[in-house]
Amino acid sequence: MNSRRNFLSGSVATMLGAALVTKAGAASLPEAPLQSSAATMPPLMPPNGRPYNPVVTLNGWTLPWRMKDNVKEFHLVAEPVVREVAPGMTANLWGYNGQSPGPTIEVVEGDRVRIFVTNKLPEHTSIHWHGQELPNGMDGVTGLTQPGIAPGKTFVYEFIARRPGTFMYHPHADEMVQMAMGMMGSWVTHPKNPAQHRVDRDFVFLLNAYDIEPGARVPKVSTMLDFNLWTFNSRVFPGIDPLVVRQGDRVRIRAGNLTMTNHPIHVHGHSFEVTGTDGGWVPATARWPEVTTDIAVGQMRAIEFVADAPGDWALHCHKSHHTMNAMGHNVPTMIGVDHSGVAQKINALVPDYMVMGDKGGSMGGMQMPLPENTLPMMSGDGPFGDIEMGGMFTVLKVRTGQARNDYKDPGWYKHPPGTLAREWTGPMPAADAAKAPPADVNTLDVKRGSMPGMHH
Ligand SMILES: [Cu+2]
């Protein structure tokens, strides 16, 4: 991790920073740590305050704090950032402390928190603490509960984190633009008693989406639904890290949705329970088993399960277009159509042109030259070939030998003999022809055109 102090030293940035923050203010502000890596950082073990079991932010990190007079002081800096969406593609976004999403804020139920927010964007901003129960004037809605934080200004928010659970933060100022540019972050309030709701691995990420044309770097902020990058914490597969767990671990996955559509999040190989919603923890008697949970717009969900099945298990949004990367969506379906002649003609004009297949869309093995700064529509090399996925997809890796706090990728799963789907090379079983049921008086005779109002 770079510290902002180091980052700013001896450069034009120093002057910029000094100009933005008043001298008296700068002396009393807690450090604003900076993160430029898109890798998943190890959990931040709390150095002071009440103990808790920290979360792991997928392809992200947790914001360190300063303890002052028993208050946890954080410093968020809203600023332009460069985010690697996946190796091979970067996006010019807006975020916090060097990243989009911003760092996760972790506190304990009952903590008094003071958050300094410095605005280094070219327009005013604010922060809404989504889901928190706090004094109205701390809710961060520009115009309604506070004036916007002007460029160069620092505001301070202070409240008590009353309720344990999963929360989010995002601007409530020029929201359409600022959220489309990547301004958001996760917030976890741990219970006072670390034994309560204890799990072995606790992951958190936000569902977000961008519309960035191939070759471009800045998201189109007026897009309402037709995004082309569906992301976990501003990363797309194969850039999303796996969720690595040890067999037998009790696992929690927390996700918040700050896109403009719902995402049915689906886990393979395990059933889970939704244990946390926006209003808090679900009593054990009110939980029901699921393998998919739909996370609506503006919602947070926590799911829990015991990872009892070793293997590499897909974990993804079940909207199939959300597991693809940048592509055009106004492509005609050509399945069953012989378009080889058409393709030849187009190829004479556009040598690298590729049509969606006449047998299906599968393009895993094909390589069409890509424009600069974009990603293949679906890719990801697996142990058996192309995974043919992108976007909101990753892998839950359950391993017997994984050490307690080890989140390192253990590589691909080695299937025990006899447990792998394989080609059948034995004799084919004889097929019995199914017999049609005999026609009888109960068989309905539907005549074409017999319905009123229908014309043929
Ligand atoms: Cu989705």
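All values reported here derive from a predicted model rather than from experimental measurement.

### Looking at the sheet that holds strand 10 (residues 185-190)
For step 1, the next point in the chain: A sheet is described by the order of its strands in space; here 4 strands give the open sequence 5-10-9-7, paired in mixed fashion. A strand with exactly one partner marks an edge of an open sheet, and here the two such strands are strand 5 (105-108) and strand 7 (128-130). On average, adjacent strands in this sheet sit at an angle of 25° to one another, irrespective of strand direction.
For step 2, the next point in the chain: Where strand 5 meets strand 10, 4 bridges bridge the pair, whose relative direction is parallel. Directly across from E106, in strand 10, lies its bridge partner V188.

### Remarks on the pairing of strand 4 (residues 89-96)
For step 1, the next point in the chain: Counting buried positions along strand 4 gives 6 out of 8 residues, so the element sits mostly inside the fold.
For step 2, the next point in the chain: As defined by bridge partners, strand 3 (residues 71-86) adjoins strand 4 across 8 bridges and the pair is classed as antiparallel. Within strand 4, the position partnered with A86 by the bridge is M89.
For step 3, the next point in the chain: Adjacent in sequence and paired antiparallel, strand 3 and strand 4 are bridged by 2 residues, among which G88 carries a positive phi angle near 105°.

### Points about the nonpolar core
For step 1, the next point in the chain: Ranked by internal contacts, the top residues of the largest apolar core, which has 35 residues, are F74, L76, I105, I115, I127, W129 and W187.
For step 2, the next point in the chain: Broken down by secondary-structure element, the contributors of at least two residues to this core are strand 3, strand 4, strand 5, strand 6 (112-119), strand 8 (154-160), strand 9 (165-170) and helix 4 (175-180).
For step 3, the next point in the chain: Sequence-distant contacts of L76, defined by excluding residues within four places in its chain, comprise L63, Y96, N97, P103, I105, I115, F116, V117, T118, I127, W129 and Y169.
For step 4, the next point in the chain: In this structure, F205, A255, F272 and A307 belong to the second largest nonpolar core, which totals 28 residues.

So, how was this worked out
- Residues numbered from 1 in each chain as written.
- Predicted model: local features only at pLDDT ≥ 70, side-chain atom pairs only at ≥ 80, totals over all residues.
- Heavy atoms only, no water.
- Pairing = 2+ DSSP bridges.
- Helix = DSSP H or I, 4+ residues; strand = E, 2+ residues; numbered from the N terminus.
- Axes fitted to C-alpha atoms, helices over the stretch in contact; angles between N-to-C directions.
- Buried < 20%, exposed > 50% of the residue type's maximum accessible area, 1.4 Å probe, protein only.
- Core = buried A, V, L, I, M, F, W, Y, C linked by side-chain atoms within 4.5 Å.
- Contact = heavy atoms within 4.5 Å.

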